[in-house]
Each structure stands twice: as structure tokens, then as C-alpha cells.
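Residue-level structural notes
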Amino acid sequence: MKITFTEKTDLNTSVVVFILNNGKNILNDETLEPYYKDFLSNIISSSEFKKNKNFGEFFNIQIPKNKFQKIYVCKLYKQEVTSDFENLGGQIYSRIVAKDVDTVSVLVENSLFKKFETEQIISSVASGFNLKSYSFYKYRTEARPIEKSINVLSFIVPDKKKATKLYDDFKNISAGIFLTRDLVSEPANELYPEKFVDYCINLKKAGIQIEVFDEKKIKSLKMDALYGVAQGSVRPPRVMIMKWNGTSKSSKPLAFVGKGVTFDTGGISIKPSGGMEDMKWDMGGAAVVAGLMNALAKRKAKINAIGIVGLVENMPDGNAQRPGDVVKSMSGQTIEVLNTDAEGRLVLADILHYVNTKFKPELMIDLATLTGAIIVALGDRYAGLFSNDDKLAENLTSSSKKVHELVWRLPLDSEFDKLLNCDIADMKNITGTRGAGSITAAQFLKRFVGNTKWAHLDIAGVTWSRKGTSISKPGGTGFGVRLLDNFVKNYYENK
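Numbering of residues begins from 1 in every chain and follows the order in which that chain's sequence is written. Totals for whole chains, interfaces and linings use every residue, but because this is a predicted model, local features are given only for residues with pLDDT of at least 70 and side-chain atom pairs only at 80 or more, for both listing and counting. Calculation of side-chain values draws on the structure's entire complement of heavy atoms; hydrogens and water are dropped beforehand.

**Regarding the overall build of the protein chain**
In this description a helix means any DSSP run of H or I spanning at least four residues, a strand means any run of E spanning at least two, and both kinds are numbered starting from the N terminus. Along its length, the protein chain carries 16 helices and 19 strands. Computed over its C-alpha atoms, the radius of gyration of the protein chain comes to 25 Å, within 12% of the 23 Å expected for a compact globule of 495 residues. Expressed as lengths along the three principal axes of its C-alpha atoms, the size of the protein chain is roughly 80 × 55 × 45 Å. Here's how the labels work: a residue is buried when its accessible area is under 20% of the maximum for its type, exposed when over 50%, partly exposed in between, all with a 1.4 Å probe on protein chains only. The 495 residues of the protein chain split such that 56% are buried. Surface accessibility follows the Shrake-Rupley procedure with a 1.4 Å probe radius. Residue values consider only the protein chains on display as shielding. Summed over its atoms, the accessible surface of the protein chain is roughly 21,400 Å², and 48% of this surface lies on carbon and sulfur atoms. Asp and Glu count as negative and Lys and Arg as positive, but His and the ends of the chain are not part of the count. Working definition for charges: the position is that of NZ of Lys, CZ of Arg, CG of Asp or CD of Glu. Here the protein chain contributes 68 positively and 56 negatively charged side chains, and the mean placements of these two sets differ by 3 Å. In this description the radius of gyration comes from C-alpha coordinates, and the expected globular size is given by 2.2 Å times residues to the power 0.38.

What follows is the structure, encoded as C-alpha cells:
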């Protein structure tokens, strides 16, 4: 789909979308043809239009004078942030997409809201269209051809140059989101630790420095908690570090840490077979970190950032880690592995410790599809947020609301932490109790972050959507890239 911006009012397309507030300004538009004005006047004067106060209400009526053209009227009532308009763009895309749609024109009522310029609204709506249009069809062949829909989407704007520049900013973030979606969509036979690294090599073109630890290096660093997860697979582990330097060297970096289990059978504590195919996206946290770093580099964010991902495959081989094994983490702390399916926290333990001691970051934020318990608690609507710093948690929550990638903070305290203690080692990787599974997993991670400001996002419920979201089709959502990009922009670039 090609997205264009034009200052010429040309509605000679198969679909026309009008985005209105009260409709008064659109009727004064001298460039609008009379029969569109007559049509819109009837809509605007209707009691249904006047009484509706919902954001993004649609009126879909075919123009009598042109039976081959469809018109959609969308009424906007209340908005808070530009991401409202991104969501709207995705919703409109879902409404109008069809086999017979080739070209689409979108006209937004000028001076729609005092808070936003028309170009801001239009570029945000265009971004929503773009995000929603994403599909992963890499493995489809001519045996089952892909049905094309919208070819050209044209937005009519007062200032083409300004709208194009604003949209380019959105496109940079979308590039990161699409990388994340690509990674979580790949089947595990095509995407394993080594291939994940290969997939991300192109990040160098955006100015990101990449360092990769192979199996030998991982062993020499004594990342035995991470290595223990990988030892049952023929696919060797990798640790990948991505560095973006966007400001002075004296500025402490922000560290983003991702769990990258490219496939998770559960190991010896094997999962039930039903639904195991979903475990190809158990590397969702690593995918978000890669996508975020791509977005930050492409838009030349004025911060220093470190992204680190631990990449392993968890398999039940004769050499696999057993329940009851004891491993020594890079930090020196020992762990009794009671359940080999609680593997993500073992991977994160070593890379959290490494990035903290090596780079001494301003803060660390890790992302992981860590627990099924978070889905029980928050479903597919919220990610779980845990933090040792109230201000950091508050800022992440604020950004989550601005971009509609919602998080909900859950507690951490010493009583939960005590549940991890055991006799044979410093800690165990599960508590053995039924309750608070997501909380005790976060307490486990907290033991490896020291006094550094830290937040953990459990994204198990929001990484993949079977029904899709307002800006994504069924499949990978890319949740986390927009959230953390907004967080960086608002609280660290604009200090």
C-alpha cells in the first residue's frame, strides 16, 4: 500500500473517507464538489450525527450519484493524544478493506481540534493505516495467492510538506514495530539463536553497533544460568548486544533487556502438545528490544541506549538440564532449577547482571513473555509491570496510556521474595506454590539488578493476538516498541 499526501482535493477514487467533528468547516470548503457537500449536509443535519458523542463513530452510505464509489463518514468527538488517531486509522482500514478497493482518498475537516494541527491528525491516521496493513506472508506461494486490496491511499492536507515530515517520524517507529512483528512471526525452524542475530545485522545500517557472544564466549563469561537452558538443543546460544550512541559519551545509557527463547518446549518439564506451536514467539521480549533499537536509531534519538538479548532454544534432549540441577549464575548466585519450563528468568538473570555491571546504565527495563500467570491476571489487554522505583513505574504507566499499550503495576515485597529461598542453593527458580506466579518470577529477576533503577514488563499476554488489535491484524502485535519509544522521548530526550 502506497501512502501519499496531496494539497489537491481529488476524490476520484473507489473509496472516500471524511473525518469530521461538527462538520461546519467541511461545508465551507470551496474545493469540495457540490454533490459531496449536499450529501454531507444531509448527514451532518441528521439527529443521529448530532447526538453521537463517541470517538470515531462511522456512517457508511453509498453516494446515490455514483454507485461505484463508497463514502465513509467518521465523526470524532473527544481525543486526548495522537495515538487516538493512530487507532482510528487502523479502525478505518479494517472497515474499508475489501477486494474491490483500489484507491482511497481521506479528507479531514480543517481546524478539527484546537489541540492538534490538521497535519498532526492526518499523519497519525496515516500511521494507523500503515500499522494495520501489516501482514506476514513470507511463506505464502502461488499455490495460495495473496489477495491485494488498497493500492494507493491519498490524504488531502493543507500543508503536504509538514504532513510528510510528521509521517516520516511515524514510519521510523513503524520500522521497529514491523521488525518485532517479523521476528515473532517466523517459525522456529527458520528463526533460532544464530538466525535471530543474522536477522538483526541490518541494524548496522541505521548506525547501531552490534556485538555477539558465541557459545565459547558465553561459557567464558560464566553465564551458566543462560547456558543451562540452551544445553539440550543442537542450536547453540547467542547473546547479542546492540549499542546506539545518540548523545555525549558521558551520558549514562538506558538499558533494554530481552528474553529470547526462540522455541520453548519446556525442556524436561515438557509442555502439553496443544498450543505448543505458539512457543515460537517466546522470544517476544528480544524482538521488542531489537525493534525498539531500530526505531531509536532510525529517528536518531538523542540518548545512549544499550539493547541486550539472550537467545536460546529450550529442548528436551539427553543433554538437557534436569529438574533438581543447580547452576551458578554469572553474578555468583546459585539457583536450584525445579522446573525447566521456568527458563526465561534464568536467561534474563545472566544478561541483566552483565549489562548492569558492564555498562552501569541509568536504568534497566526488561521485557519477557515470562509467565502464563500474567495472562490469568491481566488477559490480553495489559502487560504486567514490576519495578523497584516508583518514578520509573509512574513514567512507564503514563507512556502506556499515551500510546494505548497498557501496563498494570503489580507488587513486589520481601514476603514474596522469601518464597524463592531453598536449602540446597541461594534460590530456586519456582516457588512450588500456586499463587503469585508472575510476582515471584519478577522477585527472582530483582535479585540480579542490584540498586539500579529497574522495571520488568511481562508481555506474555500482549505479544500475540488471535483476534488482532486496533492497529494490528491477528498475529504479532509489536507491543512495547511504541510504549518504550514514547517513554524515551518524553522522559530522557526532552529533559
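**Thoughts on the sheet that holds strand β11 (residues 325-328)**
The sheet built from three strands is open, its strands ordered β11-β12-β16 with mixed pairing. Here the strands that pair on one side only, and so sit at the sheet edges, are β11 and β16 (427-428). Any two strands with at least two DSSP-identified bridges between them are counted as paired. Summarising the sheet, β11 and strand β12 (residues 334-337) pair through four bridges and their orientation is antiparallel. Bridging from a neighbouring strand, Lys328 pairs with Thr334 of β12.

**Focus: the packing of helix α6 (residues 160-185) against helix α16 (residues 481-493)**
For the pair α6 and α16, interaxial distance at closest approach is 9 Å and the crossing angle is 145°. Here α6 runs over α16; the crossing is right-handed. Every residue of α16 that contacts α6 at Ile173, Gly176, Ile177 and Thr180 is listed here: Val481, Arg482, Asp485 and Lys489. Classifying every residue of the contact of α6 with α16 gives three nonpolar, two polar and three charged. Fitted lines through C-alpha atoms give the axes, limited to the stretch in contact for helices. The angle between two N-to-C directions lies from 0 to 180 degrees. For a crossing to be left-handed, the near helix must be turned anticlockwise from the far one by less than a right angle; the clockwise case is right-handed. Should any heavy atoms of two residues lie within 4.5 Å, those residues are counted as being in contact. Throughout this entry, Asp, Glu, Lys and Arg are counted as charged residues, while Ala, Val, Leu, Ile, Met, Phe, Trp, Tyr, Cys and Pro are counted as nonpolar. The remaining residues, Gly among them, count as polar.

**Let's talk about the nonpolar core**
As used here, the term nonpolar core means buried Ala, Val, Leu, Ile, Met, Phe, Trp, Tyr and Cys residues forming a set that is joined through side-chain atoms within 4.5 Å. By size, the foremost hydrophobic cluster in this structure holds 61 residues, and its most contacted members are Leu183, Phe196, Met242, Phe256, Ile365, Leu457 and Leu484. It is helix α10 (residues 284-298) that contributes the most residues to this core, 10 residues altogether. Dropping the residues within four chain positions of it, Leu457 is found in contact with Ile365, Asp366, Leu367, Ala368, Gly384, Leu385, Val407, Leu483 and Leu484. Core analysis: the second largest hydrophobic core is formed by 39 residues, Tyr227, Val347, Ile351 and Val449 among them.

**Details of the pattern of salt bridges**
A pair is scored as a salt bridge if a Lys or Arg side-chain nitrogen falls within 4 Å of a carboxyl oxygen belonging to Asp or Glu. Under the definition given, this model contains 22 salt bridges. Here Lys138 and Glu186 are joined by a salt bridge, their closest N and O atoms 2.7 Å apart. One end of the pair, Lys138, is in the loop between α5 (118-133) and β6 (152-156); the other, Glu186, is in the loop between α6 and α7 (193-200), and 48 residues separate them in sequence. Between Lys418 and Glu415 there is a salt bridge, with its nearest N and O atoms 3.1 Å apart. Pair noted here: Lys418 and Glu415 are both in helix α14 (residues 414-418), with a separation of three residues, about one helical turn. Each of Arg299, Asp485, Lys489 and Glu493 takes part in a single network of salt bridges with overlapping partners.

**Things to note about unusual backbone geometry**
Here the phi dihedral of Lys222 falls at roughly 65°; this positive angle occurs in a residue that is not glycine. Within the fold, Lys222 resides in the loop between α8 (215-220) and α9 (224-230). Its identity is not glycine, yet Lys360 carries a phi of approximately 45°, on the positive side. Summarising the element assignment, Lys360 is placed in the loop between α11 (344-359) and β13 (363-368).

**Details of helix α4 (residues 82-96)**
The end-to-end C-alpha separation of α4 is 22 Å, in line with the 21 Å expected for 15 residues at 1.5 Å each. Within α4, the full set of buried residues consists of Ser83, Asp84, Phe85, Glu86, Asn87, Leu88, Gly89, Gly90, Ile92, Tyr93 and Ile96. Helix span is expected to be 1.5 Å times the residue number reduced by one.

**Considering the sheet that holds strand β8 (residues 238-245)**
Strand order in this open sheet of eight strands is β7-β8-β10-β9-β13-β17-β14-β15, and the pairing throughout is mixed. Two strands close off the open sheet at either side, each with one partner strand: β7 (209-213) and β15 (407-409). Pairs of neighbouring strands in the sheet enclose a mean axial angle of 20°, with direction left out of account. As paired strands, β8 and strand β10 (residues 304-314) are joined by eight bridges and run antiparallel to one another. Residue Met240 lies in a different strand from β10, and its bridge partner there is Val309. Running over the sheet, helix α15 (residues 437-446) touches β13, β14 (383-387) and β17 (453-458) and is turned about 145° from β17. The strands touched by α16 within the sheet are β9 (254-264), β13, β15 and β17, with β13 carrying the most contacts at an inclination of about 170°.

**Details of the environment of Ser399**
Relative to the helices and strands, Ser399 resides in helix α13 (residues 390-403). Assessed through its relative accessible area of 0%, Ser399 is described here as buried. Taking the C-alpha atoms as reference, Ser399 lies 19 Å from Leu88; in sequence the two are 311 residues apart. When sequence neighbours within four positions are dropped, the list of residues in contact with Ser399 reads Leu483, Asn486, Phe487, Asn490 and Tyr491.

**What to know about α13**
For α13, spanning 14 residues, the distance from its first C-alpha to its last is 20 Å, which sits close to the expected 20 Å at 1.5 Å a residue. Within α13, the full set of buried residues consists of Leu392, Ala393, Asn395, Leu396, Ser399, Ser400 and Val403. The buried residues of α13 all sit within an arc of 165° when viewed along its axis, so they share a single face. In α13, those exposed residues whose orientation departs by more than 90 degrees from the buried face are Asp390 and Lys401. Buried-residue contacts for α13 involve α4, β13, β14, β15, β17 and α16. What the arc covers is the set of directions going from the helix axis to the C-beta atoms.

Just geometry here; none of it tells us what the structure is for.
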